[in-house]
Amino acid sequence: MLKLAVSLSLIWALTLLYGEMFSFWVPFLSCSWSHPPSSSSMTDGVDHQRDYVKIAVLTDPQLMDRTSLHLAPKSFALEAAQFYTDLYMRRAFLSSILPSKPDIILFLGDYFDGGPFLSDEEWQESRSRFKHIFDIDMLEQTTNIKLYYLAGNHDIGYAAFHSRMPEVIKRYEKAFGARNYQFTAGKVDFITIDAQTLDGHPQNNVTPATWEFVKNVSKHLSSNPRVLLTHIPLYRPDQTVCGSYRSSSIINQRINRAAQDNEILYQNYITEKGTNDLLDLIKPALVLSGHDHDQCTVIHKSKYGSVKEHTLGTISWQQGNLFPSYMLLSASNLILPNGSMPEEAISTKVCFLPVQLYIYIWYILLFVMTLLIAVLWPTNGVLFPHYLDGFLMNVRGLISSSFSGGGKKLKSEDEIYEYEEIWDAEGSMHLIKKTFKVSSTCSSDSASVERGNAVMRSVARKQETDTSNPSDVTLHIGSDTAVKALPRTNKSKAKMVIRRLVRTLSIITIIAAFNIPLYMMLLFKDWIDK
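Below is a short write-up of the structure. (Residues numbered from 1 in each chain as written. Predicted model: local features only at pLDDT ≥ 70, side-chain atom pairs only at ≥ 80, totals over all residues. Heavy atoms only, no water.)

1. Overview of a nonpolar patch on the surface
Taken together, the side chains of Y245, L322, F323, F352, L357, Y358, I361, W362, L365 and M369 present a nonpolar region at the surface, about 880 Å² in accessible area. The element contributing the most residues to the nonpolar patch is helix α12 (residues 356-376), with 6 residues. One can find F323 in the loop between β11 (305-311) and β12 (325-332). (Patch = residues over 30% accessible without salt bridge, like charges linked within 9 Å, V, L, I, M, F, W, Y side chains within 5 Å. Areas by Shrake-Rupley, 256 points an atom, 1.4 Å probe, with all protein chains shown as cover. Salt bridge = Lys/Arg side-chain N within 4 Å of Asp/Glu carboxyl O. Helix = DSSP H or I, 4+ residues; strand = E, 2+ residues; numbered from the N terminus.)

As structure tokens, this is what we get:
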């Protein structure tokens, strides 16, 4: 029993170590920066690590809150869902993304789930969770990593919210900064816009402000290639193919407007007119977006040529995508040579995180298998050799009988076999074969009597009489034995069941005593601040 418990404990320990720790090392080990051609093409043997700027791009963490599920606020179920979702993203950030040593971390929006509907106290609590998950304070205080944020619809809402609740935008800007701005990384310009305001009414203050920013950017000529950052993806025709990374069905264009003022309540793509205006004014070499929670790569046509857009999947495993991901983007730090295309200064690589649902399913299956093994495992270990020997003996007997043709006795006619029940300490029954020699009295008597028909008939009649009585006695004794053995058999079975239950509980206790502390250590190792 101890060997079985130790073996199962080791299997559980390896499973927990992989599911809670090792699986988050795999993205870092298997997914690396893809350098722009301008730097990777150099073969002079010099380290060109500073020829590009490394940017990690994340989107749609959407921290769960009271608006996420139909659960009471502060309930155990909601708190547990929040904890394990937050823990997954924290592990992904600390074990998969930060070890890649990015120079910049770029968030593409939707940090909260019910941002516009949360009270100030709830919003600040969600913001504290966001800062803990992504270790914002540590990054700002002890590293040179720069952080850039982009507003999402779950942070500030759509145009219909802006006119009714202007304090939502003010609250966001106080915590995360401006919604429309640009920054430069290497020799690449990044244009960040508030896509939620693009298709609002011109009378709304926030919509004209966003378009004024876009026009000002277009007036400033720059030789640097540009990357357009928008939380809401650009317009695409219905049923547009999204590429091989897509895991869910394609969502077509949807726009919902309020009845009273026709303002936008929801949209999953920027309108076609807004998309064309953005592409014509900004002239981006690449577009990055989020919002859809799944991967999508499309090519847009503009006046100045084709533009690729990458829609990134969510980093959370609770937002409808089984395959969370992030992007590693390299921006060239060198001036492009003449004749180069702007997109040659930018290189992207999508990295996928562990599938948390598969890990939990494996935990459940392993638990079921552990119970079955603990209950059904033989008390004396693996009995396969015993069954194999019995099978071989039967085969040999069958072969012997086939070749003998029935002329050779398989057993001595002078032997009678009797089986005795033996019960071991574990409650298992074994049959032991006992051999008895037949008394030769009748044979000797018949040999000493004179030969004759009368005598022989008398002996035969006597044998018939003698052989009839033992059968009755044997039957009577056998029935009495069965009656007496029945209570003993029932008691033995009960003892066997009790012993197996005790053994099962003992095995489970040993496994839990070893692995529960290990699991708790792995949980809090990642959860506590470094």
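2. A closer look at the sheet that holds strand β3 (residues 146-148)
By definition, the strands of a sheet pair up through backbone hydrogen bonds, in either a parallel or an antiparallel sense. One open sheet holds the 5 strands; their spatial order is β3-β2-β1-β12-β13, and the pairing between them is mixed. What marks the edges here is a single partner per strand, and that holds for β3 and β13 (346-352). Taken over all neighbouring pairs, the strand axes of this sheet differ in orientation by 20° on average, direction set aside. Relative to β12, strand β1 (residues 52-58) is paired through 6 bridges, and the arrangement is antiparallel. For V57, the partnering residue across the bridge sits in β12 and is M327. Here helix α4 (residues 76-97) sits on the sheet and contacts β1, β2 (104-107) and β12; the angle it forms with β1, its principal contact strand, is near 160°. (Pairing = 2+ DSSP bridges. Axes fitted to C-alpha atoms, helices over the stretch in contact; angles between N-to-C directions. Contact = heavy atoms within 4.5 Å.)

3. A short note on helix α11 (residues 272-282)
Along α11, the residues classified as buried are G274, T275, L278, L279, D280 and I282. Those residues of α11 hidden inside the fold are in contact with β5 (188-192), α10 (206-219), β6 (226-229), β9 (286-289), β10 (296-302) and β11. K283, located one to two residues past α11, shows a positive phi value of around 55°. (Buried < 20%, exposed > 50% of the residue type's maximum accessible area, 1.4 Å probe, protein only.)

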